Amino acid sequence: MREFTVDCAGIADAKALHRLLAETLSFPKWYGHNADALYDCLTDVRVDTTLTLLHFNDLGDFSAIFRLVLNDCENDNPHLFVNLT
């Protein structure tokens with residue numbers, strides 16, 4: 001089981017969160033820093049993986065699309081477990 005923890009404290013916008021996720025999860029160079037690319041990368045995970053996003057609930061309005069995508073990824077990929085705190 002792979003485990004990743006992303007601290008979202010201080011993240012001000014969607015661009016910054018995409019950058020942080022791409023760095024932490026070592027997304028490929030083609031990662032487009034958008035919701036579709038995030039979905040593609042996370043549903044491509046083939047090893048049991050837990051992704052915990054700390055302070056996610058403190059993010060601004062831009063986090064709504066991330067919440068939807070992360071929920072979809074978790075529902076569509078049996079290897080992915082997402083914790084939003």
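For the structure itself, consult the block above.
This text gives an overview of the structure that appears in the document. These numbers come from a predicted model, not from an experiment.

Conventions and cut-offs
Residues numbered from 1 in each chain as written. Predicted model: local features only at pLDDT ≥ 70, side-chain atom pairs only at ≥ 80, totals over all residues. Heavy atoms only, no water. Phe/Tyr/Trp six-rings, centres within 6.5 Å; stacked < 30°, edge-to-face > 60°. Buried < 20%, exposed > 50% of the residue type's maximum accessible area, 1.4 Å probe, protein only. Helix = DSSP H or I, 4+ residues; strand = E, 2+ residues; numbered from the N terminus. Expected span 1.5 Å × (residues − 1). Arc of directions from axis to C-beta. Contact = heavy atoms within 4.5 Å. Pairing = 2+ DSSP bridges. Axes fitted to C-alpha atoms, helices over the stretch in contact; angles between N-to-C directions.

### Some thoughts on the packing of aromatic side chains
Piece 1. Under the counting rule described, the total for this entry stands at 2 aromatic pairs.
Piece 2. Consider the rings of phenylalanine 27 and tyrosine 31, whose centres lie 4.7 Å apart with planes at 50°: the pair is tilted.
Piece 3. Considering the side-chain rings of phenylalanine 62 and phenylalanine 66, the 6.3 Å spacing of their centres and the 85° angle between planes classify their relative orientation as edge-to-face.
Piece 4. By relative accessible area, phenylalanine 66 is classed as buried at 3%.

### Points about helix 3 (residues 63-76)
Piece 1. With 14 residues, helix 3 ought to run about 20 Å at 1.5 Å a step, and its terminal C-alpha atoms sit 20 Å apart, in line with that.
Piece 2. All of the buried residues in helix 3 are Ser63, Phe66, Val69, Leu70 and Cys73. Viewed end-on, helix 3 has its buried residues packed into an arc of 120°, placing them on one side of the element. Pointing more than 90 degrees away from the buried face of helix 3 are the exposed residues Leu68 and Asn75.
Piece 3. Close packing links the buried residues of helix 3 with helix 1 (14-25), helix 2 (35-43), strand 2 (49-54) and strand 3 (80-84).

### Considerations on the sheet that holds strand 3
Where strands meet in a sheet, backbone hydrogen bonds hold them as pairs that are either parallel or antiparallel.
Piece 1. Here we have 3 strands laid out as an open sheet, ordered 1-2-3, and parallel in their pairing. Since the sheet does not close on itself, it has two edges, and those belong to strand 1 (2-7) and strand 3, each with one partner. For this sheet the average axis-to-axis angle between neighbouring strands, irrespective of direction, equals 15°.
Piece 2. Pairing of strand 2 with strand 3 involves 5 bridges; the strand directions are parallel.

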